[in-house]
Amino acid sequence: MKKNKITAVLGPTNTGKTHLAIETMLSFESGMIGFPLRLLAREVYEKVIKKTSLDKVALITGEEKIIPPDAKYFLCTVESMPIDKQLDFVGVDEIQTCADHERGHIFTDRLLNMRGEKLTMLMGSNTIKSIIAKLDDDIEFINRERLSKLTYAGHKKISRINRKTAIIAFSAEEVYAIAELIRRQKGGAAIVMGSLSPKTRNAQVELYQSGDVDFLVATDAIGMGINMDLDYVYFSNLKKFDGRKLRKLNLSEIGQIAGRAGRYLNNGSFGITGDCKEIGAEEVDLIENHKFEEIKMLFWRNSNLNFNSPYSLLKSLEQKPYHDWLKKIHECEDEKALKFFLKDKNLENINMNQNTLSLLWECCQIPDFVKKTYGNHYEVISKVFGFLSGKNGKIPDDYMRIQLMKLDKLEGNVDSLSNRIANVRTWSYVSNKNNWIDNQDYWIEKTKNLEDKLSDRLHEELTKTFIDKRASVLARGLRQDMEFKTEILQNNDVKIDDHYIGKINGLKLELDLKQGALETDIKSLKKAARQSVGPELEKRIDTIIETKLIELNDDFKIYWNKFPIAKINTGKDYLSPNLDVIADEILEQKQKQKLSDFLKKWLDEKINFELKSLIDLKSINQKNSSVKALAYQLYENNGVLKRDQVSEYLKSLGQEERKILREIGVKFGRYHVYLFRLIKPEAVKLRTLLWKNYHQKYFNLKPPTFGLNFIEDKNKRNQNFMLLCGFEKFDNSYVRIDILERLFMLIINTDTDQDKEIKLVPEMLNLLGCNKENFVNLIKKMNYKIIEKENDTYFKYNPMKKRKNINKKVITKENPFNILKNLNLNN
């Protein structure tokens, strides 16, 4: 018997094995190649139709079937390779996957049972050579040498990794985390994962290949036949969860992935990053020289199943291999599902004949693309089997419509979109199964369109989430020393090459930084903006100096055009604050100093004008110690003193000294000695602000609303601060001290006879700006007795008794208004 001819093309990555297989297949009349990934089958399909014609090439995967009636060439996933076709050429890529504990049995079945009429080609690693040699076929080995050199680059931080780099992670979560870090540090990264639909994956790869981004973050899916222009591959981890446990990658797996660096004649490097453990020197040498441990055992499962009964089916699945280099694979997901449904009480009444068992087994082989939702996959299998084993023997259109309607939503983040695509893939698989559904062409088209639509949206979301277009453009431009087109719009927006980067608020460039932005973002943005923003800031300084349209606000900052340009802080005394300019570091120091000098002069002039009384008081030149002492106390207390605090000094003042102080603005009142010009709103606002700034207290307190002469103390205001603002406390109310003095004058002028009752007139209420009840309460606190008669209110002075001793009291004969009368308050 003539032996089948097998050509085993073995070697490391970047040796052109897949290219050789495609060219060899096309040299025959017909052929088929099985690939480990759907996206790889799709990639080769696109290449082959360009070399031949659309009507000659078929694509067959679990979720996608394009089979022209006269197809000659078939590009498939290994699982979907039709086993009943008689073709000249059959090829299987990445044949070393026979040793994979999840999918190995399928590859092994193709290795053992699928043959081309004229040639079978097996492509993969040298590690499987000794096993292939055991086959009873006419075998030719072709050893392919790598076209470029692969070297170890050691450890590098992600922030220091060069462009044209792929970083490898082993879970979607890790991929996303690394991609986000690269977005912040480097401008962005494209994403490649086996779970992505071909359309999303191709769109992401195109972002990298076109130069929009310089980095790629990928799972180990990149290790199988995906060719890109990479110079470096860095591992973030050397462990992966293989479906059963977390295990360390073997050297062959590391080599397979690392080999993606350096394509064709360009040398490549591999290394580690993050917390990844070092690769030992001996292991590095083996990887660099592509010397890996031989595969000694392949995973196998009996494919010749017995459907006579559930028992015979399970027994045939448990059959042991017939070669010592084959190992029965652990219970696979389809086998677990079968055992679950054979025990399911809901299926007890179903006659499990050959056809029904075969159908149940087929349903159990529906892939679990979602994987995260426990129980959902079995629910899908149960529903599908229920329909197919029912009266109509087909899945109803209404059911399909409802399933797809649930998934036809474009909102959500990367995870939710990925989850929807995974669910759509399930229904794509179902739609592509022969005789499972009515209107099969319609549902194939429907699921494909929905997957494409969601894939476009996922690509958009991946790009938005993990690629900062602005940072990417700037980083590339700065690297290539390009000149940027910078615009400053009327609303202060700043754009660089049509990318919004921030606003100029006052004299600061406020960058539009994404959450968690790193120093590299800020540096690249500012460097790019320096050319245009610097001159604009200088122009603004000139405008500020020329127009002087600035103001000092309650937050101790000087504002121009609604934005702070400086902040005052503690100086040598409270009328001489220091000042710090608030301006961008883009401005040169010379310009900042120019602004600082102007602002200091402006502030000094403002203080000298609005607080002239205090300034004059500070510089008073008198030999009289009492004058000096009183002036000092007034200055230190911001221009307001209680009279009883300085009564001793007042006794020592003659009329001449009082005249000097009055000329400055000192008012000698009944209760207070104060600078009357400082009770004006603008003066109160400025001096309290300067006082708070110097003493660093009362920050949360603000002067009362200007125009109020009388305030009910409902909020328990700070008495000391209120005095500073010019208000005296009377139990539960405050009265402005200059109004208090005017009230005394009004009362005195109403009736000078101390023994007579004084009528409460509207002028008194109007002066204070309070109601009658408040006035009555206030006047009582000032030792007056209230008398109501003939619908009018009168009050009479009722002085406190002076204590002679502990038990006896006498009435003073001195009315304070008589004292007031004798004071020359008009001067």
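Basis of the calculations
Along every chain, residues carry numbers that run from 1 in the direction the sequence is written. With the structure being a predicted model, the display of local features is reserved for residues of pLDDT at least 70 and the display and counting of side-chain atom pairs for 80 or more, all residues being used for whole-chain, interface and lining totals. Think of the side-chain values as coming from all heavy atoms in the structure, minus any hydrogens and water. Per the convention used, a helix needs a DSSP run of H or I reaching at least four residues, while a strand needs a run of E reaching at least two, with both numbered from the N terminus. Atoms considered for the radius of gyration are the C-alpha atoms alone. The globule rule reads 2.2 Å times the number of residues to the power 0.38. Partly exposed describes any residue whose relative accessible area lies between the buried limit of under 20% and the exposed limit of over 50%, with all areas from a 1.4 Å probe on protein chains only and scaled to the type maximum. Throughout, a contact is declared for two residues whenever any of their heavy atoms are within 4.5 Å. For the area figures, the Shrake-Rupley method with a 1.4 Å probe applies, and any residue is considered shielded solely by the protein chains shown. Note on charges: Lys and Arg go in the positive column, Asp and Glu in the negative column, and His and the chain ends are not counted at all. By convention, the point assigned to a charge is CZ for Arg, NZ for Lys, CD for Glu and CG for Asp. For helices, the axis comes from a line fit to the C-alpha atoms of the stretch in contact; other axes are also lines fit to C-alpha atoms, and the angle between any two N-to-C directions lies between 0 and 180 degrees. Take the far helix as the reference: if the near one is turned anticlockwise from it by less than a right angle, the crossing is left-handed, and if turned clockwise, right-handed. Polarity classes work like this: nonpolar for Ala, Val, Leu, Ile, Met, Phe, Trp, Tyr, Cys and Pro, charged for Asp, Glu, Lys and Arg, and polar for all others, with Gly in that last group. Oblique is the label for every angle not falling under 35 degrees (roughly parallel), over 145 degrees (roughly antiparallel), or within 65 to 115 degrees (roughly perpendicular). What the arc covers is the set of directions going from the helix axis to the C-beta atoms. As a per-residue measure, pLDDT reflects the predictor's confidence and takes values from 0 up to 100. Here, the term nonpolar core denotes a set of buried Ala, Val, Leu, Ile, Met, Phe, Trp, Tyr and Cys residues that are joined through side-chain atoms within 4.5 Å. When DSSP finds two or more bridges between a pair of strands, those strands are recorded as paired. We define a salt bridge as a side-chain nitrogen of Lys or Arg found within 4 Å of a carboxyl oxygen belonging to Asp or Glu.

The next point concerns the overall build of the chain. Within the chain, the regular secondary structure consists of 28 helices and 37 strands. In terms of overall dimensions, the chain is more spread out than a globule: its C-alpha atoms have a radius of gyration of 45 Å, far above the 28 Å expected for 827 residues. On the principal axes, the C-alpha backbone points of the chain span a range of 145 × 70 × 50 Å. Across the 827 residues of the chain, 50% fall into the buried class. Put simply, of all contacts in the chain between residues at least 6 apart along the chain, 66% involve residues at least 24 apart. When the accessible surface of the chain is split by element, carbon and sulfur atoms take 46% of a total near 41,700 Å². Counting 135 positive and 116 negative side-chain charges, the chain places the centres of these two groups 7 Å from one another.

Our focus in this paragraph is the packing of helix α6 (residues 198-209) against helix α15 (residues 440-466). Angle between the axes and distance between the axes are the two parameters that describe a pair of packed helices. One way to put it is that α6 packs onto α15 with a least axis distance of 8 Å and a crossing angle of 35 degrees. Crossing angle aside, the handedness with which α6 passes α15 is right-handed. Taken together, the residues of α15 that come into contact with α6 (itself represented by P198, K199, T200, A203, Q204 and L207) are E451, D452, S455, D456, L458, H459, L462 and T463. Tallied by class, the residues present in the contact of α6 with α15 amount to five nonpolar, five polar and four charged.

Packing of helix α18 (residues 589-610) against helix α23 (residues 681-695) leaves a shortest axis separation of 10 Å and a crossing angle of 125 degrees. Between α18 and α23, the angle is such that the two are oblique. For the crossing formed where α18 meets α23, the hand is left-handed. Together, K606, I607 and E610 of α18 and E682, A683, L686 and L690 of α23 make up the contact between the two elements. In the contact of α18 with α23, the residues fall into four nonpolar, no polar and three charged.

Locating I501 in the fold gives a position in strand β21 (residues 499-505). Judged by its relative accessible area of 0%, I501 is buried. Measuring from C-alpha to C-alpha, the distance between I501 and E348 comes to 67 Å, with 153 residues separating the pair along the chain.

This brings us to helix α13 (residues 397-407). Burial in α13 covers these residues: Y399, M400, Q403, L404 and L407. Around the axis of α13, the buried residues are gathered within 125 degrees of arc, so they sit on the same side. Among the exposed residues of α13, those pointing more than 90 degrees away from its buried face are D398, M405 and K406. Buried residues in α13 make contact with α12 (376-388), α14 (414-431) and α15.

A few words now on the confidence of the model for the chain. With 91% of its residues at a pLDDT of at least 70, the chain reaches an overall mean of 86. The low-confidence segment residues 802-827 (pLDDT under 50) makes 39 contacts with residues lying over four places distant or belonging to another chain.

A few words now on the nonpolar core. I550, I558, L599, L611, L617 and L661 are the most contacted members of the largest nonpolar core, which totals 65 residues. Not counting chain neighbours up to four residues away, the residues in contact with L617 comprise A631, L634, Y635, L661, I664, V666 and L675. If you look at the next biggest cluster of nonpolar residues, it comprises 60 residues, including F307, L357, L359 and M400.

Turning our attention to the pairing of β21. The side chains of a regular strand alternate, first on one face of the sheet and then on the other. In the sheet, strand β20 (residues 493-496) pairs with β21 via four bridges, with the strands oriented antiparallel. Its bridge partner lying in β21, K495 is registered against Y500. Relative to strand β22 (residues 508-511), β21 runs antiparallel, the two sharing four bridges. The residue of β22 that forms the bridge with K503 is E510.

So, on to the sheet that holds strand β34 (residues 784-789). Overall, antiparallel pairing links the three strands, which are arranged β33-β35-β34 in an open sheet. Strand pairing shows two members of the sheet lacking a second neighbour, β33 (758-759) and β34, which therefore form its edges. Against the sheet, helix α27 (residues 772-781) engages β34 and β35 (792-797), with an angle of about 140 degrees to β34.

We now examine unusual backbone geometry. Unlike most non-glycine residues, E94 shows phi in positive territory, near 55 degrees. With respect to the secondary-structure elements, E94 resides in the loop between β6 (89-92) and α3 (104-113). A positive phi angle, close to 60 degrees, is found at N638, a residue other than glycine. Looking at the element boundaries, N638 is found in the loop between α20 (625-636) and β27 (640-642). For N638, a relative accessible area of 0% corresponds to the buried category.

On to the sheet that holds β21. Paired through backbone hydrogen bonds, the strands of a sheet run either parallel or antiparallel to each other. Sheet architecture is open: four strands sit in the order β19-β20-β21-β22, paired in antiparallel fashion. One side of each edge strand has no neighbouring strand; the edge strands of this open sheet are β19 (486-488) and β22. Put simply, the sheet's adjacent strands are angled 30 degrees from each other on average, direction ignored.

Turning to the environment of L59, a few remarks are in order. Mapped onto the elements, L59 comes out in strand β3 (residues 57-60). A C-alpha to C-alpha distance of 64 Å links L59 and E588, two positions 529 residues apart in sequence. Those residues in contact with L59, other than ones at most four positions away along the chain, are A41, R42, Y45, E64, K65, I66, I67 and L75.

Attention now moves to the pattern of salt bridges. Within the structure shown, the criterion is met by 50 salt bridges. Across the pair E46 and R42 runs a salt bridge whose closest N-O atoms are separated by 2.6 Å. Placement of the pair is E46 and R42 together in helix α2 (residues 38-51), with a separation of four residues, close to one helical turn. Relative accessible area serves as the criterion here: at 29%, E46 is assigned to the partly exposed category. Under the relative-accessibility criterion, R42 is labelled buried at 13%. Note that E757 and K789 form a salt bridge whose closest N and O atoms lie 2.8 Å from each other. Within this pair, whereas E757 is found in the loop between α25 (737-750) and β33, its partner K789 is found in strand β34, the two being separated by 32 residues in sequence. By relative accessible area, which is 30% here, E757 ends up partly exposed. One salt-bridge network, held together by shared partners, links R38, R42, E46, E63, E64, R425 and E451.

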